[in-house]
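# Structural description and commentary
Here are the chains, one letter per residue:
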Amino acid sequence: MTNTISAIIDSWADCAVRSEYDDILNWVGEKNRSLKVNISKMCLSQSGVWFYDEQQGEIRNQNNSFFQIRGLQQYREGELVLEQPVLIQDEIGYLGIICKKIDGVLHFLMQAKIEPGNVNKIQISPTIQATKSNFTQKHGGKKPAYLDYFLNAKPEDILVDQIQSEQSSRFLGKRNRNIIIMVNEDIEVLPSHRWMTLGTIKQLMRIDNLVNMDTRTVLSCIPYSLHTLSDTERLCAMFRDQALAASMLRQPCHSDMVRAFRYINNYKMLHSCENRIVPLADMKSWNFTDDGITHKKGYPFKVVFCDIEIEGREVTHWSQPLFEADGMATFGLVTAEFDGVLKFLVQAKPEAGCFDSIELAPTIQLEAAVPEEEYSDMDRLFFRLLQNGAEIRNNVILSEEGGRFYHEQNKNIVLRVSPEQVGSLPDGYFWMDYATLNAMVQFNNVLNIQLRNLLSILEM
């Protein structure tokens, strides 16, 4: 495995030559031009498959598969503090990438995939991206390509195998299996797939809405920190950002990990909060009509119903509900050097749908509809730093998961500052190096999906 981690860093350093990079963009562009896609909003009563089950108080389909939408109410000390629709999808799906050495360089088999909620049709996706309903063929469609490689993978071929959380502001306890496997044999490469180095994928992440959320979360789980590398000096020399190299290619900091886990575990043990699943019709602050579900005063999202036709998928024509964002959220990560080692400012953040109450999150995680008067001190500090000349290391607009969310895009910003510009930290905030965060992501449900996605876009 140590040799594999070195090979992954080599692959990260192997960026596509301009002709190969342009070829990938042309490949995606041609598919976007040739694919027949028709997505239109509709009324729930027009679906024929999805309906409101009054007895259960939920929107579901006739097979009671895929997912349901119900109401979520959160109470603190008997007071209602949150009320919203929530996606309930108990099944765990596959987000899987196959990798293989080609001409001595590790490549990842990536897919040009369109989801109904994608803002720009095709995005670069994992080798396989399938719900349990997909790969057990409950929908009546074809078995997903490359599924057998993951079902039959030997332990020695598995680089990553983690069950990680999804968006806890939309889902209730939703998780997916993030998995990367190594193969040695020749694989048929379908027209929908291409081999890419990690460096090429990182280049593509600079383009708005091109590399999808599922690719980003899988790559964030690569276990750099679990192995002592014999060629650290050679690997460090590949990094233009030596502070990041020092942050990655080191042993995790045990005391920082203990400090964060102590805060998280105290919250889980002592915090009193009650979630209640209620019928959609019982949510007094929301309007539920045949056209959709909207908040009476304004909220980060609403529920819409869509008629969908997409060529080349396991099922080509269907209808379903989608959660539509009201504007663009901002996810921001502040970084700073401490004695030559890059550290990341993260927070322990509870969310209503979180599988285990609370996870580590980016420095700021602001939904689109949050008014400025509700910003935290750290939110305000982030925007002051952004406006007053902080070094911007990453600034890209990236999409959320298009299978459940309609045209949802978020600003992903990484800033480099000096520690003095941040000062003392509020309770629940921590400076942590990459190796420590990387060790913690090897546990299920510790780093939330927004933090994992920001870590995935870092460049060497």
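Predicted model only: the values in this text are computed from it and were never measured.

## A word on the packing of aromatic side chains
In this structure the tally under the stated criterion is 18 aromatic pairs. Measuring from ring centre to ring centre gives 6.0 Å for Tyr94 and Phe150, while their planes differ by 45°; the resulting arrangement is tilted. You can see Tyr94 sitting in strand β6 (residues 93–102) and its partner Phe150 sitting in helix α4 (residues 147–151), a full 56 residues away along the chain. The class for Tyr94 is buried, based on a relative accessible area of 6%. Taken together through their ring pairs, the aromatic side chains of Trp12, Tyr224, Phe239, Phe344 and Tyr434 make up a single cluster. The aromatic ring of Trp12 is capped on one face by Lys202, whose charged end is 4.4 Å from the ring centroid. Over the ring of Phe338 we find Lys343; its NZ or CZ atom is 5.5 Å from the centre of that ring.

## Considerations on the side chain of His193
Structurally, His193 can be placed in strand β12 (residues 193–196). A polar side-chain atom of His193 sits 2.8 Å from a polar atom in the side chain of Ser192. The contact partners of His193, leaving out residues within four places of it in the chain, are Trp27, Leu109, Met110, Gln111, Thr127 and Tyr146.

## Examining the pairing of strand β24 (residues 409–417)
Consecutive residues of a regular strand have side chains that alternate between opposite faces of the sheet. Most of β24 sits inside the fold, with eight of its nine residues counted as buried. The sheet contact formed by strand β18 (residues 329–338) and β24 spans eight bridges and is parallel. For Thr330, the partnering residue across the bridge sits in β24 and is Lys411. Note: strand β22 (residues 391–399) against β24, eight bridges, orientation antiparallel. Residue pairing for β24: Val396 is matched across the bridge by Asn412.

Reading guide: rules and limits
- Residues numbered from 1 in each chain as written.
- Predicted model: local features only at pLDDT ≥ 70, side-chain atom pairs only at ≥ 80, totals over all residues.
- Heavy atoms only, no water.
- Phe/Tyr/Trp six-rings, centres within 6.5 Å; stacked < 30°, edge-to-face > 60°.
- Helix = DSSP H or I, 4+ residues; strand = E, 2+ residues; numbered from the N terminus.
- Buried < 20%, exposed > 50% of the residue type's maximum accessible area, 1.4 Å probe, protein only.
- Lys NZ or Arg CZ within 6 Å of the ring centre and 35° of its normal.
- Polar contact = N/O pair within 3.5 Å; in protein donor to acceptor, adjacent residues only side chain to side chain.
- Contact = heavy atoms within 4.5 Å.
- Pairing = 2+ DSSP bridges.

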